[in-house]
Amino acid sequence: MNGLISVKGVHRRYRRGGFFKVADSLHVLRGVDMEIREGEAVGLVGRSGCGKSTLGRIVLGLERPDEGTVLYDGQDIFSGEEKSFREFRRNVQVVFQNVQGSVNPRMTAGEIVAEPLRNFLGLSKKEAVERARPLLEQVGLKNSDADKIPGHFSGGELQRVCIARALAPEPKAIVFDEAVSSLDMLVQARVLDLIRKIRDERGLACLFISHDLRVVAGLCDEVALMVDGVIAATERSVAALAASGHPAIKRLLESIPPAHPRQTAVNRMEKRQEQEPDSVAVCRG
Ligand SMILES: Nc1ncnc2c1ncn2[C@@H]1O[C@H](COP(=O)(O)OP(=O)(O)OP(=O)(O)O)[C@@H](O)[C@H]1O
Ligand SMILES: [Mg+2]
């Protein structure tokens, strides 16, 4: 598999302070290296505030790093060349957690999914909406759902609309930032099944960002653990990360509420690991 997205030595600082305080800066990313190969799913896990979404925004080209580079297909995405940046934006799409905030409430689902088709492929509105209908069916919605507005969908259905929008320009990669975190467990499991199916069918590369280990387990070919703005460990599975005994992974495991009140997440992962050394399935209970 070839390297599709390469993050090299990325640092990001945010200015803090205001009128009454001396301005200083918060050093969020402290030299991040990451490689996402064609068709590969990389999970990025870590505690809240460690810098996952900041890295996600930089990988998407939405924010510039203060130091370091992001290469897409060997090209620096921040080199300033507009044509290649546009090509990159088409090829690397995103699905965020806040679905309500990432769609225009006055547009129909068909228009929402049609937007990237109009932007990147230059289709007319009518043509683009017609192309959006089969995409909505691919994500498990009905053709007629194209005429509904966001307020008439459930959270899980609206997340499917956002996934269809991300798929519309036929990208090579999708960044999922906490994409299922606001859904209840059952809906979460269904959307994860959909993502797995789409990945297999399309050979998409994914960066799957989550603070919840259960979400990335069973979905990713590689899992990177971020601690205070650096990648502290990378393993082939959540089970392998758990086995590494890294203190940060222990804390993350302990933060998972047990499905059975008398069983801890660590117990469950360990038990599962004994049975299936290479994977820890997503817990649905
Ligand atoms: N635009 C910004 N301006 C200032 N500080 C920011 C900005 N974006 C993020 N931060 C800070 O950077 C740190 C990392 O934030 P980030 O959103 O990347 O964390 P995260 O790992 O995604 O957390 P979570 O799991 O809660 O989503 C936090 O302390 C946050 O407050
Ligand atoms: Mg985040």
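Just so we're clear, the structure is a prediction, and the values are computed from it rather than from any experiment. (Residues numbered from 1 in each chain as written. Chains lettered and ligands numbered in written order. Predicted model: local features only at pLDDT ≥ 70, side-chain atom pairs only at ≥ 80, totals over all residues. Heavy atoms only, no water.)

Trainee: Got a minute to help me understand the overall build of the protein in this structure?
Mentor: Looking only at helices and strands, the protein has 10 helices and 10 strands in total. Buried positions account for 47% of the 285 residues belonging to the protein. Roughly 13900 Å² of accessible area belongs to the protein as shown, and the carbon and sulfur atoms make up 47% of that amount. (Helix = DSSP H or I, 4+ residues; strand = E, 2+ residues; numbered from the N terminus. Buried < 20%, exposed > 50% of the residue type's maximum accessible area, 1.4 Å probe, protein only. Areas by Shrake-Rupley, 256 points an atom, 1.4 Å probe, with all protein chains shown as cover.)

Trainee: What's the story with the site of ligand 1 in this structure? I'm lost.
Mentor: The immediate surroundings of ligand 1 are formed by 13 residues, with Ser 48, Gly 49, Lys 52, Ser 53 and Thr 54 found nearest. With respect to ligand 1, the side chain of Thr 54 contributes an N or O atom lying 2.6 Å from an oxygen atom. Here ligand 1, which alone exposes 640 Å², has 60% of that area covered by the protein. Of all the secondary-structure elements, those providing two or more residues to the shell around ligand 1 are β2 (24-37) and α1 (52-59). Of the residues forming the shell around ligand 1, the biggest block, 4 residues, is contributed by α1. (Near = heavy atom within 4 Å. Polar contact = N/O pair within 3.5 Å; in protein donor to acceptor, adjacent residues only side chain to side chain.)

Trainee: Looking at this structure, how should I read the packing of helix α2 (residues 82-91) against helix α3 (residues 109-121)?
Mentor: Describing two packed helices takes the angle between their axes plus the distance from one axis to the other. At a minimum axis separation of 11 Å, α2 and α3 run at an interaxial angle of 155°. By the criterion of interaxial angle, the relationship of α2 to α3 is roughly antiparallel. Classified by chirality, the crossing of α3 by α2 is left-handed. Contact with α2, carried on its side by Arg 86, Arg 89 and Arg 90, involves Asn 119, Phe 120 and Leu 121 of α3 and no other residues of that element. When the residues that make up the contact of α2 with α3 are grouped by side-chain class, the tally is 2 nonpolar, 1 polar and 3 charged. (Axes fitted to C-alpha atoms, helices over the stretch in contact; angles between N-to-C directions. Parallel < 35°, antiparallel > 145°, perpendicular 65-115°, else oblique. Left-handed = near helix turned anticlockwise from the far one by under 90°. Contact = heavy atoms within 4.5 Å. Nonpolar A, V, L, I, M, F, W, Y, C, P; charged D, E, K, R; others polar.)

Trainee: Help me understand the layout of surface pockets in this model?
Mentor: Where empty space is left becomes clear once a probe the size of a water molecule has been rolled over the atoms. Of the voids in this model, the largest pocket is the one considered here, and its volume is about 320 Å³. Of all the secondary-structure elements, those providing two or more residues to the lining of the largest pocket are β6 (92-96), α3 and α5 (155-167). Looking at the lining of the largest pocket, its residues break down into 8 nonpolar, 3 polar and 3 charged. Roughly 180 Å³ of volume is contained in the second largest pocket. What lines the second largest pocket is a set of 11 residues, among which Ser 48, His 211, Asp 212, Leu 252 and Ser 255 lie closest to the centre. Looking at side-chain class alone, the lining of the second largest pocket contains 3 nonpolar, 3 polar and 5 charged residues. (1 Å grid on protein atoms, 1.4 Å probe; cavity = no way out; pocket = protein on both sides within 12 Å on 5 of 7 lines; lining within 4 Å. Points joined across faces, edges and corners; volume = space filled by probe spheres on them.)

Trainee: Quick question: what am I supposed to make of the packing of aromatic side chains here?
Mentor: Given two aromatic rings, one states the distance between the centres and the angle between the planes to describe the pair. Scanning the model with the defined rule gives 3 aromatic pairs in all. Between the aromatic rings of Phe 85 and Phe 88, the centroid separation amounts to 5.8 Å while the plane-to-plane angle is 35°, which identifies the pairing as tilted. Here Phe 85 pairs with Phe 88, and both are found in helix α2, just 3 residues apart, close to one helical turn. A connected cluster of aromatic rings, assembled from ring pairs, spans Tyr 72, Phe 85 and Phe 88. When the ring centre of Phe 153 is taken as origin, the NZ or CZ atom of Lys 148, which lies over that ring, is 4.7 Å away. (Phe/Tyr/Trp six-rings, centres within 6.5 Å; stacked < 30°, edge-to-face > 60°. Lys NZ or Arg CZ within 6 Å of the ring centre and 35° of its normal.)

Trainee: Is there a simple way to explain the sheet that holds strand β9 (residues 222-227) in this structure?
Mentor: Hydrogen bonds between backbone atoms are what pair the strands of a sheet, whose relative direction is either parallel or antiparallel. The 6 strands lie next to each other as β6-β7-β8-β3-β9-β10, forming an open sheet whose pairing is mixed. Taken across any chain shown, the strands that pair with only one partner, and hence form the sheet edges, are β6 and β10 (230-235). Taking the axes of each pair of neighbouring strands and ignoring which way they run, one obtains an average angle of 20° across the sheet. Here β6 pairs with strand β7 (residues 173-177) via 5 bridges, running parallel. In the sheet register, Val 92 faces β7, and the bridge partner there is Ala 173. Contacts from α2 reach β6 and β7 within the one sheet, and its direction differs from that of β6 by about 45°. (Pairing = 2+ DSSP bridges.)

Trainee: It is not clear to me how the packing of α3 against α5 should be interpreted in this structure. Could you clarify?
Mentor: Between α3 and α5, the least distance of the axes is 7 Å, while the angle of their chain directions is 25°. As summarised for this structure, α3 and α5 are arranged roughly parallel, according to the angle between their axes. The chirality of how α3 crosses α5 is right-handed. Contacts from Ala 109, Ile 112, Val 113 and Pro 116 in α3 reach Val 161, Ala 164 and Arg 165 in α5.

Trainee: How do you make sense of unusual backbone geometry when you look at a structure like this?
Mentor: Phi is mostly negative for residues that are not glycine, and the peptide bonds are mostly trans. Positioned with a positive phi, Glu 178 is a non-glycine residue whose angle comes to about 50°. Position of Glu 178 relative to the elements: it lies in the loop between β7 and α6 (185-202). You can call Glu 178 buried: its relative accessible area is 9%. A positive phi angle, near 45°, is found at Asp 228, a position not held by glycine. Within the secondary structure, Asp 228 sits in the loop between β9 and β10.

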